[in-house]
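Results of the structural survey
These are the residues of each chain, in order.
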Amino acid sequence: MLPIILIHGFPLDARMWTSQVEFLRGRGDVGGVVLTPNLPGFGGTPPLPREQTSMEAFAREIHQVIVREAEGKAIVGGFSMGGYVLQELLRSHPEVVAAAMFINTRAEEDTPVARDGRLQSINEITQKGTAGLIDAMLGKLLAKQPSPAVKDQVRAIMASQSPEGIIHAQLAMSQRRNQTDLLARLTLPVLILAGAEDATSPPSVALSMQSHMPQAMLVQIASAGHMAPMEQPAAVNAAIETFLTTTRSQ
Ligand code: MLT
């Protein structure tokens, strides 16, 4: 059975997938081997040099994981920034991805306003550290009535990332390409997950992704913001299970 690889978002690490890993490892029929690699600069791993950090470089790292630890083929899920990486992987090495799960993510590149915001955030981190970025992100990443426990967990994961890793990834995301043309060429099974209250990658963005991929299964998670896998793990796990059941039987 093909392994499952889950790519984390920004500025997070493998710990964001704790509930999915526990669920999928316990489901031998659809789950099985689940790998949650930390992208360079996150989860205590050393960052790539600033000028070498890009979504393409992150995709090369995931490609290596699939070749080394999954015998060259896997079902791959990417959350937000992890979704940008997954799309880059599908562009460079489509042969290693058997099915794709786009979780709270988008295909478009940054708008000029978003790019400016990232550059400002890089300046602020350089001068004052990452606390301001984390507060700002926590203010918009969760559902309207966030669980204090989830908020604490997300904050702890974010606060443990190195400023260098965060800065390099911000810059890399600001330079990422638009992947809309890629989506229309994908013929593999696709799951798109959206949080009903996600202000960062709203359901309209998920619908727009689906409009390019008629084969995609789209699931909207109620009472979830951007951090759907941590905010509503049971609903997210159920959607992944349904997708895997269908995909694995094909
Ligand atoms: C993420 O959750 O990975 C970020 O919101 C992605 C981004 O900043 O574009």
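Anything mentioned here points back to the structure above.
The structure contained in this document is the topic of the report that follows. (Residues numbered from 1 in each chain as written. Predicted model: local features only at pLDDT ≥ 70, side-chain atom pairs only at ≥ 80, totals over all residues. Heavy atoms only, no water.)

The next subject is the overall build of the chain. A count of helices and strands for the chain gives 11 helices and six strands. By the compact-globule yardstick of 18 Å for 250 residues, the chain fits well, its C-alpha radius of gyration being 17 Å. Taken along the three principal axes of its C-alpha coordinates, the chain extends 55 × 40 × 35 Å. Across the 250 residues of the chain, 53% fall into the buried class. Long-range pairs, those at least 24 residues apart, make up 77% of the contacts in the chain between residues at least 6 apart in sequence. Element-wise, carbon and sulfur atoms account for 53% of the exposed surface of the chain, whose accessible area totals about 10,500 Å². Taking the 20 positively charged and 23 negatively charged side chains of the chain as two groups, their mean positions are separated by 2 Å. (Helix = DSSP H or I, 4+ residues; strand = E, 2+ residues; numbered from the N terminus. Rg over C-alpha atoms; globule rule 2.2 N^0.38 Å. Buried < 20%, exposed > 50% of the residue type's maximum accessible area, 1.4 Å probe, protein only. Contact = heavy atoms within 4.5 Å. Areas by Shrake-Rupley, 256 points an atom, 1.4 Å probe, with all protein chains shown as cover. Lys, Arg positive; Asp, Glu negative; His and termini not counted. Charge placed at Lys NZ, Arg CZ, Asp CG, Glu CD.)

What follows covers the site of the ligand. The environment of the ligand is made up of Gly9, Phe10, Phe79, Ser80, Met81, Tyr84, Arg118, Met173, Thr200 and His226. A distance of 3.0 Å separates an oxygen atom of the ligand from a polar atom in the side chain of Ser80. Within the contact set of the ligand, an oxygen atom lies 2.8 Å away from a side-chain nitrogen or oxygen of Arg118. Notes on the ligand: free accessible area 280 Å², of which the protein chains cover 93%. Grouping the constituent residues of the shell around the ligand by class yields five nonpolar, four polar and one charged. (Near = heavy atom within 4 Å. Polar contact = N/O pair within 3.5 Å; in protein donor to acceptor, adjacent residues only side chain to side chain. Nonpolar A, V, L, I, M, F, W, Y, C, P; charged D, E, K, R; others polar.)

A separate point is the nonpolar core. Grouped together as the largest cluster of nonpolar side chains are 84 residues, with contacts concentrated most on Met81 and Phe102. Sorting elements by how many residues they give to this core places helix H2 (residues 55-69) first, with seven residues. (Core = buried A, V, L, I, M, F, W, Y, C linked by side-chain atoms within 4.5 Å.)

Note on placement: Thr247 falls in helix H11 (residues 233-248). Aside from chain neighbours lying at most four places away, what touches Thr247 is Ala99 and Pro189.

This part takes up the packing of H2 against helix H3 (residues 81-92). Interaxial distance between H2 and H3 falls to 8 Å at its minimum, and their mutual angle equals 75 degrees. Between H2 and H3, the interaxial angle falls into the category roughly perpendicular. Residue-level contacts link Met55, Glu56, Phe58, Ala59, Ile62, His63 and Ile66 of H2 to Met81, Tyr84, Val85, Glu88 and Leu89 of H3. When the residues that make up the contact of H2 with H3 are grouped by side-chain class, the tally is nine nonpolar, one polar and two charged. (Axes fitted to C-alpha atoms, helices over the stretch in contact; angles between N-to-C directions. Parallel < 35°, antiparallel > 145°, perpendicular 65-115°, else oblique.)

To continue, consider the packing of aromatic side chains. Scanning all chains against the criterion turns up two aromatic pairs. Here Phe10 and Phe42 contribute two aromatic rings whose centre-to-centre distance is 6.3 Å and whose plane-to-plane angle is 80 degrees, an arrangement assigned as edge-to-face. With Phe10 in the loop between strand S1 (4-7) and helix H1 (18-25) and Phe42 in the loop between strand S2 (34-35) and H2, this residue pair connects regions lying 32 residues apart in the sequence. A residue is classified by how much of its surface remains accessible, and Phe10, at 8% relative accessible area, is buried. Ring geometry for Trp17 against Phe79: centres 6.4 Å apart, planes inclined by 90 degrees, an arrangement best described as edge-to-face. (Phe/Tyr/Trp six-rings, centres within 6.5 Å; stacked < 30°, edge-to-face > 60°.)

Right, let's talk about the sheet that holds strand S6 (residues 217-221) for a bit. The six strands are arranged S2-S1-S3-S4-S5-S6 in an open sheet whose pairing can be described as parallel. The strands lining the two open edges of the sheet, one partner per strand, are S2 and S6. By the bridge criterion, two bridges tie S1 to S2 in an arrangement that is parallel. Within S2, the position partnered with Ile4 by the bridge is Val34. (Pairing = 2+ DSSP bridges.)

Another aspect to go through is the pairing of strand S5 (residues 190-195). For S5, the tally of buried residues reaches six of six residues, placing the bulk of the element in the interior. Covered by surrounding structure in S5 are Val190, Ile192 and Ala194 together with Leu191, Leu193 and Gly195, the residues of both alternating faces. As paired strands, strand S4 (residues 97-103) and S5 are joined by four bridges and run parallel to one another. In the sheet register, Met101 faces S5, and the bridge partner there is Leu191. Crossover handedness for the path S5 to helix H9 (residues 203-211) to S6: right-handed. (Right-handed = clockwise from strand over helix to strand, strands pointing away.)

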